[in-house]
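So the chains spell out like this:
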Protein chains: 2
Amino acid sequence: MNGSYLVVVIAILAVLGCTFGASTHWSYECRKNRCERIELLNEKTAISLPVCRIFCGEHPGTLWPRVNGKVKVEGKMARLIPTEVQFNLINQTKRNDLFWRTNEQRLREQILAKVPNYVKLKNDDSGAHLMIMLDVKNEDAKLGLDTDEGYHMHGYENTGVVIIKVKAETIFGARHAIETISQLIVFDDIRRELQVVGEFEIEDKPVFPHRGFLLDTSRNYFTVDSIKRTIDAMAMVKLNVFHWHMTDSQSFPLVLKSHPDLSEIGAYAPDKVYTINDIIKIYEYAYVRGVLLLPEFDAPAHVGEGWQQKNVTACFNAQPWAKYCVEPPCGQLDPTKDNLYDILEDIYREMYDAFRKPDIFHMGGDEVSHSCWNSSKEIQDWMLQKGWGLKESDFMKLWGHFQDNALERLDKVIGKKVPIIMWTSHLTDVPYVEQYLDKQRYIIQIWTTGADPKVTDLLKKGYKLILSNYDGLYLDCGFGAWVTEGNNWCSPYIGWEKVYKNNFTHFGSKYKSQFYGAEAALWSEQTDHHTLDGRIWPRLSALAERLWSDPSDHWRSAEPRMLIHRERLVDNGIAAESLQPQWCLQHEGECPIN
Amino acid sequence: MNGSYLVVVIAILAVLGCTFGASTHWSYECRKNRCERIELLNEKTAISLPVCRIFCGEHPGTLWPRVNGKVKVEGKMARLIPTEVQFNLINQTKRNDLFWRTNEQRLREQILAKVPNYVKLKNDDSGAHLMIMLDVKNEDAKLGLDTDEGYHMHGYENTGVVIIKVKAETIFGARHAIETISQLIVFDDIRRELQVVGEFEIEDKPVFPHRGFLLDTSRNYFTVDSIKRTIDAMAMVKLNVFHWHMTDSQSFPLVLKSHPDLSEIGAYAPDKVYTINDIIKIYEYAYVRGVLLLPEFDAPAHVGEGWQQKNVTACFNAQPWAKYCVEPPCGQLDPTKDNLYDILEDIYREMYDAFRKPDIFHMGGDEVSHSCWNSSKEIQDWMLQKGWGLKESDFMKLWGHFQDNALERLDKVIGKKVPIIMWTSHLTDVPYVEQYLDKQRYIIQIWTTGADPKVTDLLKKGYKLILSNYDGLYLDCGFGAWVTEGNNWCSPYIGWEKVYKNNFTHFGSKYKSQFYGAEAALWSEQTDHHTLDGRIWPRLSALAERLWSDPSDHWRSAEPRMLIHRERLVDNGIAAESLQPQWCLQHEGECPIN
């Protein structure tokens, strides 16, 4: 921030009628692109930490993710009257009433959350109003891989009103603009007031269309409220896919009208369930926050509890489990049972409706065990009767048989052929992948390491991918082991820096366009809703910036922004992990060893 | 549980007027000392999981820590009317009114917390009342290293009342009995009712007198509420020392009347402080929960923010910090400044009063850096003027000078010579330890590894110790690094099994009596109150059982109890980590690979 900016900051504060009464001994000064803490000597000229951060350095230091495009902020802050915040829809038919009302309310709450508990804001009308003019071209856009999420905005101050004009192709782009605006509003602890950047222009859009988070609600249960809270935080960092891995072999919390026994027997407890109505409500909650709810029904493996009365599974809770699956209890669907596909069709139908007819579906497909199927005399007989053997390739054929039949039922339910996501597995290995999975139809979600040559195989063959490499994006790694002692299988813990560094460059730039994006995953063997927030936040934010902006900078340059952002998360009720002593937030760049 | 017990369980349930309406498909059966889940076929004879666990196997499976002494539970459960729970004080002058009222209320709340949200208990009076007769010999005992915390109790059912007679030497022993009682009360999800063990006898006392947890409230701040919540959970597992590492070089949250500048300048924010009144309230909160509040004022290192106007520090925020200290910001007291000791005396006085005149004090004393002191020309001159050199032994002399003078002031404040705890450091190494630290006076708190030969050195020399070896008891290990990338210095994460295994046997049985006990520590560079619960619970419970019962069994045999106990923590509002899929709780012993 150069000297003339500083003068402007003070000028506008004076114009808008500041009163003083600092609750701090400290002011900040921009030196060599770093905000340094100095003793507060003159309250009139003193600069608060967030104001300094906005103007000091290349990227406005309160934004997360950083802008991927043009950004220009002038050294001007206006005192904001938090009650005077309004949306103004331009050229809109207002069919999206709930959408705009929710986001207006959300912005107001985010603004008030910036005020520390020990501060009571003055109740006077000296200060600026905030008027956000929203100009959206296409009000009907759906949220999906093709959605235009970009926006342009321009803010300026005019006779006591800060006017921000937002232009976007879709409502989702405009919503992202509002998140950015909320991050350009700060609490100044020197003057004990809210301030908004008085003049700026931003053009912004994401690098990757698929920016997701996977939650496993089967190994342990998560309340509906905790899922909503997660979606709220995702919206803050412009993540747009909540991938719901709802069922697995440990529990079946999904309450189906067609098959109530699945959850009656398979849920952990009567209140540890999701009804169709719960899902619809979460869908709506997510939609107005720009987040797509992506359903996964994982099959044929990862099935067990709940299916006891169906007679369509193999090796359920077989012992010793390590012989038949990767964690207890074992269980796989038995592809040879014809009535299995009727049940699947019912499940798909209810899920498809509850998830509001999404244009994409996740069919799971990971960790299928041949030894599980091979432990069933019935399956063996069926295969032999068909003239198959009992070799690996025969079991792959059995798996292909399952996948074809399951997909046929899903297609029948949906009535059209939407893109299908599946996990990397033996089925996605060469040569099976091309035998069984049409690259026009299937998107492969990578969960092996980022350096796995199989990823390159898939890229070469032209498959579209979503990256969830466990060594960069599995947020459950690093804790104690649970089937033995020591630490869990994918240890160590992945710090936010590693998530941030987990980029796409090592695959080669020519393949970048084959990635729709990435997802971080929380497999929940060792987490439930009580510790959800800290397990994923603020690390998920690191992924958000990777996917929105795909920065080439080192994490060090993002660190001061990250520390500010973590405080924003906790101010908004997200119990995010603390990354460093608060001292490091207050002393920019003085903690890391360079 | 043998067959005749089962019959008794059913009999008493019938007598007390059970009504049915199971909300579960499952019942449990004790087979080979393990509760196995079976299909619920007959609601009249079905056994719920916690009831099965109480009677199946050697240790009642709902107790944590397990009893260290005689335990006899008969196969009898009585339905409990939760509103009818009363204490009856025998031979007491009732001067401890607040103590008993608090614990009675606490027990009632713990009982109600067992009822899942989806259950509405029937409002009728069929069931047993609970009458707890408390017979305490010495009502005046203080909490400390000599306190008798043992108890004996005997419970039986008599015409609709379950009477429990508790005998204890002190109120603290009696309070432990109440915690045990609360764990003998369970929610039966088959009959949707609370039940209490109808007949039992327990004799119990701790192996180690000092069973603690250290919280660092300087690197990051923790709200008073979060500290109280922690003490609540500590009381549940009979931990009895809350060691408060309140200040450090990063922040000084302690508000002193004598030196208000220390917190005005040194606290992170105006609301991130502890007043004397806060401490007194926390002391009282802890006292009635059987927890001693142990004050630490760490010096001469670990001092920095807040002291800016005192002119008694060296190397404050010196750069590059790695040259002068172990983490930013550096800072040490300057032992050569005479007025330093006046300030310390003021601090000690206010702390001693706020902590209600404890019979023990922690003076810190870790990680003193010679290069810090050596960077001060003033210190060098002072040493040379005394005819000392500037070698290691001279700086040790300087340190000894500080320690002697600081202790003199502390003794003056207290008016008697109470035991002093200090961290292992270069000062506790041979030969310095015997030069500077009187073994009759000083207790050494070990923070090096459990295998460090220095521990044996101290034992051989007859020092009394408290164990906090970082490789078994530092709960902050295993997360991302914060001064560089990768993982933090004491990684990996220490699972509860490792805490449980962290015993005293490898020091040799002849030295066991030199250990007062142990403390787990949470250094808070990467935690604040938002993620406190999950960081320490349920792992702290593993330490609690180690110190109360010092079991020789493998952690595997404790695991089913631990899983039940973790649920109890979350039921009581402690956001403890989930250790395993809930499936493992419901399927005893089926998860670990043996």
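Not measured: the values here are computed from a predicted model.

Geometry of a packed helix pair, given as the angle between the helix axes and the separation of the axes. All names here are of chain A. Look at helix H8 (residues 338–354) against helix H11 (residues 392–414): their axes get within 9 Å of each other, and the N-to-C directions meet at 40 degrees. Relative to H11, H8 is oriented oblique. When you trace H8 past H11, the crossing you get is right-handed. Listed contacts from H11 to Leu340, Tyr341, Asp342, Leu344, Glu345, Tyr348, Arg349 and Tyr352 of H8 are His401, Phe402, Asn405, Ala406, Arg409, Leu410, Lys412, Val413 and Ile414. Split into classes, the residues belonging to the contact of H8 with H11 amount to 10 nonpolar, two polar and five charged.

On the side of chain B, 64 residues touch chain A, which itself brings 64 residues to the contact. Surface buried jointly by chain A and chain B totals about 5,400 Å² across both partners, of which 49% is contributed by carbon and sulfur atoms. Along the contact surface separating chain A from chain B lie eight salt bridges. Across the pair Asp528 of chain B and Arg566 of chain A runs a salt bridge whose closest N-O atoms are separated by 2.9 Å. At the junction of chain A and chain B, the tally comes to 36 residue pairs in polar contact (both at pLDDT 80 or more). Sorting the residues of the side of chain A that touches chain B by element identifies helix H6 (260–266), helix H15 (496–501), helix H16 (532–536), helix H18 (555–571) and helix H19 (582–586) of chain A as the ones contributing at least two each. Its residues placed into classes, the side of chain A that touches chain B shows 25 nonpolar, 23 polar and 16 charged.

Attention now moves to the sheet that holds strand S8 (residues 185–188) of chain B. Residue and element names in this part refer to chain B. Read across the open sheet, the eight strands follow the order S3-S10-S6-S7-S5-S4-S9-S8; overall the sheet is mixed. Two strands close off the open sheet at either side, each with one partner strand: strand S3 (71–73) and S8. Strand-to-strand twist of the sheet, defined as the mean angle between neighbouring strand axes without regard to direction, takes the value 25 degrees. Of the pairings in the sheet, the one linking S3 to strand S10 (residues 200–204) comprises three bridges and is antiparallel in character. Bridge pairing in S10 places Val73 opposite Phe200. Strand contacts of helix H4 (residues 171–183): strand S4 (77–90), strand S5 (128–138), strand S6 (151–158), strand S7 (161–170), S8 and S10, with the helix running at about 150 degrees to S7, the strand carrying the most contacts.

Let us now look at the nonpolar core. With 393 residues, the main nonpolar core has Trp307 and Trp537 of chain A together with Trp307 and Trp537 of chain B as its most contacted residues. In contact with Trp307 of chain B, not counting residues within four places along its chain, are Phe252, Leu262, Phe297, Val312, Thr313, Leu333, Leu340, Ile343 and Ile347 of chain B.

Let's shift gears to the environment of Asp261 of chain B. All names here are of chain B. The residue Asp261 is located in helix H6 (residues 260–266) in this model. Residue class for Asp261 comes out buried when judged on its relative accessible area of 14%. Put simply, Asp261 and Gly306 are 45 residues apart on the chain and 6.7 Å apart in space, counted from C-alpha to C-alpha.

This paragraph deals with the pattern of salt bridges. Within this structure, the stated rule accounts for 92 salt bridges over all chains. A salt bridge links Glu434 of chain A to Lys439 of chain A, with the nearest nitrogen and oxygen atoms 2.9 Å apart. Note that Asp429 of chain B is salt-bridged to Lys454 of chain B, the shortest N-O span being 3.4 Å. With Asp429 of chain B in the loop between strand S17 (420–423) and helix H12 (432–436) and Lys454 of chain B in helix H13 (residues 453–460), the pair connects residues that are 25 residues apart, well separated along the chain. Judged by its relative accessible area of 13%, Asp429 of chain B is buried. When salt bridges with common partners are traced through the structure, they connect Asp342, Glu345, Asp346, Arg349, Arg409 and Lys412 of chain A into a single cluster.

Of all residues in chain A, 96% have pLDDT values of 70 or greater, and the mean over the chain is 94. Ignoring residues within four places in sequence, the model shows residues 10–20 of chain A, a span with pLDDT below 50, making 26 contacts including any to other chains.

A few words now on the pairing of S10 of chain B. Residues and elements named next belong to chain B. In terms of burial, S10 is largely enclosed, as four of its five residues are buried. One ladder, built from five bridges, connects S6 with S10; its direction is antiparallel. Pairing of Tyr151 across the sheet is with Asp204, part of S10.

Our focus in this paragraph is the side chain of Glu497 of chain B. Note that Glu497 of chain B resides in helix H15 (residues 496–501). Comment: no salt bridge for buried Glu497 of chain B; closest opposite-charge side chain is Arg556 of chain B, at 8.0 Å. Leave out the neighbours within four places in its chain, and Glu497 of chain B touches Ala481 and Thr484 of chain A together with Trp555 of chain B.

Sheets are built from strands that pair by backbone hydrogen bonding, the pairs being arranged parallel or antiparallel. Residues and elements named next belong to chain A. Here we have eight strands laid out as an open sheet, ordered S3-S10-S6-S7-S5-S4-S9-S8, and mixed in their pairing. Strand pairing shows two members of the sheet lacking a second neighbour, strand S3 (71–73) and strand S8 (185–188), which therefore form its edges. On average, adjacent strands in this sheet sit at an angle of 25 degrees to one another, irrespective of strand direction. With respect to the sheet, helix H4 (residues 171–183) is in contact with strand S4 (77–90), strand S5 (128–138), strand S6 (151–158), strand S7 (161–170), S8 and strand S10 (200–204), its orientation differing from that of S7 by roughly 150 degrees.

Between chain A and chain B, the superposition needs a rotation of 180 degrees and an axial shift of 0.0 Å, giving an RMSD of 0.0 Å. Here the transformation between the copies is reduced to the relation of a two-fold axis. Counting the interface residues of chain A, we find that 100% of their copies in chain B are interface residues as well, pointing to one common contact surface.

All names here are of chain B. Among the residues making up H13, those that are buried are Val455, Leu458 and Leu459. One side of H13 holds all its buried residues, which, seen down the axis, span an arc of 100 degrees. Pointing more than 90 degrees away from the buried face of H13 are the exposed residues Pro453 and Lys460. Here the buried face of H13 lies against H12, strand S18 (442–446), strand S19 (464–467) and strand S20 (515–522).

All names here are of chain A. In the structure shown here, the tally under the stated rule is 65 aromatic pairs over all chains. With 6.0 Å between their ring centres and 75 degrees between their planes, Phe479 and Tyr493 make a pair best called edge-to-face. Linking Phe479 in the loop between helix H14 (470–473) and H15 with Tyr493 in the loop between H14 and H15, this pair joins segments that are 14 residues apart in sequence. Assessed through its relative accessible area of 8%, Tyr493 is described here as buried. Ring pairing ties together the aromatic residues Phe87, Phe99, Trp100, Phe172, Tyr283 and Tyr287, which thus form one cluster.

The next point concerns unusual backbone geometry. All names here are of chain A. With an omega dihedral of 0 degrees, the bond running from Trp64 to Pro65 counts as a cis peptide bond. Position of Pro65 relative to the elements: it lies in the loop between helix H2 (49–55) and S3. Positive phi, close to 60 degrees, is recorded for Asn311, a residue that is not glycine. You can see Asn311 is positioned in the loop between strand S13 (292–296) and strand S14 (313–314).

Take the packing of helix H17 (residues 539–549) of chain B against helix H18 (residues 555–571) of chain B next. Residues and elements named next belong to chain B. At their nearest, the axes of H17 and H18 sit 10 Å apart, and the two run at 125 degrees to each other. In terms of orientation, H17 and H18 fall into the oblique class. The crossing of H17 and H18 is right-handed. Contacts between H17 and H18 involve Ser541, Ala542 and Glu545 from the former and Ala558, Arg561, Met562, His565 and Leu569 from the latter. When the residues that make up the contact of H17 with H18 are grouped by side-chain class, the tally is four nonpolar, two polar and two charged.

Conventions adopted
Residues numbered from 1 in each chain as written. Chains lettered and ligands numbered in written order. Predicted model: local features only at pLDDT ≥ 70, side-chain atom pairs only at ≥ 80, totals over all residues. Heavy atoms only, no water. Axes fitted to C-alpha atoms, helices over the stretch in contact; angles between N-to-C directions. Helix = DSSP H or I, 4+ residues; strand = E, 2+ residues; numbered from the N terminus. Parallel < 35°, antiparallel > 145°, perpendicular 65-115°, else oblique. Left-handed = near helix turned anticlockwise from the far one by under 90°. Contact = heavy atoms within 4.5 Å. Nonpolar A, V, L, I, M, F, W, Y, C, P; charged D, E, K, R; others polar. Buried area = accessible area lost by both parts, 1.4 Å probe. Salt bridge = Lys/Arg side-chain N within 4 Å of Asp/Glu carboxyl O. Polar contact = N/O pair within 3.5 Å; in protein donor to acceptor, adjacent residues only side chain to side chain. Pairing = 2+ DSSP bridges. Core = buried A, V, L, I, M, F, W, Y, C linked by side-chain atoms within 4.5 Å. Buried < 20%, exposed > 50% of the residue type's maximum accessible area, 1.4 Å probe, protein only. pLDDT = per-residue confidence, 0-100. Lys, Arg positive; Asp, Glu negative; His and termini not counted. Least-squares fit on C-alpha atoms with pLDDT ≥ 70 in both. Arc of directions from axis to C-beta. Phe/Tyr/Trp six-rings, centres within 6.5 Å; stacked < 30°, edge-to-face > 60°.

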